[in-house]
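# Results of the structural survey
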Amino acid sequence: MAVRPIVLYPDPVLLRPTSPVEVVVDDIRTLVEDMRDTMYAAPGIGLAANQIGVGLRVFIVDLTAGDEDGNLHVFVNPEVREAEGTEVGEEGCLSFPDVLLDVPRAPRVTVEALDLDGKPFEVTADGLMARAMLHEIEHLDGQTFLRNVSSLKRELVKRQIKKRIKAGDWVAAVDA
C-alpha cells in the first residue's frame, strides 16, 4: 500500500492516548497495510498507529521484520490482561532513531484484542514477543519507553535528541 513517515519523539501524537477503534472496517485494514509497509521499510519489529500519526488503538508486530511470511501479528484495541515478572532488556524504537535503552518489562504477558475481522482473541507471549507487545501498547497509551528509565538517563536522552534536532540529524527512519 504505502510507506508513511514515522513520527519522531517529542511529537505530541506520541504523548497522548489513542482512541479505540469503533468497528474494524476497510479503512482500518488499509491502515494496517500501510503500517506493515512502513515497519518493514524502516525496518522494525513493531509499530503503533500513532507512530505514523494516526491516533487509533492499533499495533502490529513481526519479530522477523518481514523476513519470513506469515509472522505479522495485528492487534486492534489491545488490552493487557496479565503480565508476569520483570526482566531488563535492550529496546530500540522507530520513533527514537539510533537510541537503545535497557528497559524492564514483564517477560510473559497475556493480551486481549480484536483481529482484522473484528473478532476477539487472546494471546500469551514470552520473551521478545511479550516485550514488543508491551512496548507498542505503551505507545497506544501515550507513553514512550523513556518512562521506564531513570530520570537521569531520561534527561540525557532528551538532551541528546535536542542536540540532534538542532543539528538537523533527528530525521524520520522512513520518509514517504
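Details of the structure are given in the entry above.
Below or above, wherever it landed, is the structure these notes cover. Starting from 1, residues in each chain are numbered consecutively following that chain's sequence as written. Reporting of local features is limited, given that this is a predicted model, to residues whose pLDDT is at least 70; pairs of side-chain atoms are given and counted only at 80 or more, and all residues count toward the totals for whole chains, interfaces and linings. Derived side-chain values reflect all non-hydrogen atoms in the structure, with water molecules and hydrogen atoms excluded from consideration.

Another aspect to go through is the overall build of the protein chain. Helix numbering and strand numbering both begin at the N terminus, where a helix is a DSSP run of H or I of at least 4 residues and a strand a DSSP run of E of at least 2. Scanning the protein chain from N- to C-terminus turns up three helices and seven strands. By the compact-globule yardstick of 16 Å for 176 residues, the protein chain fits well, its C-alpha radius of gyration being 15 Å. By principal-axis analysis of the C-alpha atoms, the protein chain measures approximately 45 × 40 × 30 Å. Between two residues, a contact is recorded if the distance between any of their heavy atoms is within 4.5 Å. A separation of at least 24 residues holds for 64% of the contacts in the protein chain among residues at least 6 apart in sequence. We score Asp and Glu as negative and Lys and Arg as positive, and we do not count His or the chain ends. To locate a charge, take NZ of a lysine, CZ of an arginine, CG of an aspartate or CD of a glutamate. Taking the 19 positively charged and 30 negatively charged side chains of the protein chain as two groups, their mean positions are separated by 10 Å. Put simply, the radius of gyration uses C-alpha atoms, and a globule should come to 2.2 Å times the residue count raised to 0.38.

Moving on, we come to the packing of aromatic side chains. Pairing of aromatic rings covers Phe, Tyr and Trp, the last counted by its six-membered ring, and requires centre-to-centre distances within 6.5 Å; plane angles under 30 degrees mean stacked, over 60 mean edge-to-face, and any other angle means tilted. Using the criterion set out here, one finds four aromatic pairs in the structure. A ring pair is formed by Tyr9 and Phe96, whose centres lie 4.8 Å apart and whose planes are at 20°; its orientation type is stacked. You can see Tyr9 sitting in the segment before helix H1 (26-41) and its partner Phe96 sitting in strand E5 (residues 96-105), a full 87 residues away along the chain. You'll find Tyr9 and Phe96 in the same group, each marked buried. Judged by centre distance (4.9 Å) and plane angle (65°), the ring pair of Phe96 and Phe145 falls under edge-to-face. Exposure is judged per residue with a 1.4 Å probe applied to protein chains only, and the accessible area is read against the type maximum: over 50% gives exposed, under 20% gives buried, and values in between give partly exposed.

A few words on the side chain of Arg164. As for its placement among the helices and strands, Arg164 is situated in helix H3 (residues 151-167). There is a polar contact of 2.8 Å between the side chain of Arg164 and the backbone oxygen of Pro97. Beyond its immediate sequence surroundings of up to four residues, Arg164 is in contact with Pro97, Asp98, Val99, Asp169 and Trp170. By the criterion applied in these results, polar contacts are pairs of N or O atoms within 3.5 Å in which, for protein atoms, one can donate a hydrogen and the other can accept it, and in which residues neighboring in sequence qualify only through two side-chain atoms.

On to the nonpolar core. Working definition of a nonpolar core: buried Ala, Val, Leu, Ile, Met, Phe, Trp, Tyr and Cys residues. They are joined through side-chain atoms within 4.5 Å. Counting residues in each nonpolar core, the largest one holds 18 residues, and the members touching the most others are Leu31, Met35, Leu47, Val58, Ile60 and Val76. Secondary structure elements with two or more residues in this core: H1, strand E2 (58-61) and strand E3 (73-84). The biggest single contributor to this core is H1, with five residues. Those residues within four positions of Val58 in sequence are excluded, and the remaining contacts are Val21, Leu31, Val32, Met35, Leu47, Ala48, Ala49, Phe75, Val76 and Leu140.

The next subject is the side chain of Glu91. Relative to the assigned elements, Glu91 resides in strand E4 (residues 87-93). A polar side-chain atom of Glu91 sits 2.7 Å from a polar atom in the side chain of His135. Setting aside its immediate chain neighbours within four residues, Glu91 contacts Val99, Leu100, Leu101, Val103, Arg105, Arg131, His135 and Phe145.

Turning our eyes to something else, we now look at the sheet that holds E3. Only strands joined by at least two bridges in the DSSP assignment are considered to pair. The antiparallel open sheet is built from five strands, whose spatial order is E1-E2-E3-E6-E7. The sheet is open, and its two edges are formed by strand E1 (46-48) and strand E7 (120-126), each paired on a single side. Mean inter-strand twist for the sheet, computed between neighbouring axes without regard to direction, equals 35°. The sheet contact formed by E1 and E2 spans three bridges and is antiparallel. Its bridge partner being in E2, Leu47 is matched across the sheet by Ile60. Only C-alpha atoms enter the line fits that serve as axes; for helices the fit covers just the stretch in contact. Angles between N-to-C directions range over 0 to 180 degrees. Contacting E1, E2 and E3, H1 crosses the sheet at an angle of about 40° to E2. Those strands touched by helix H2 (residues 127-140) are E1, E2, E3, strand E6 (108-114) and E7, and its axis lies near 155° from that of E2.

These values are about where atoms sit, not about what they do.
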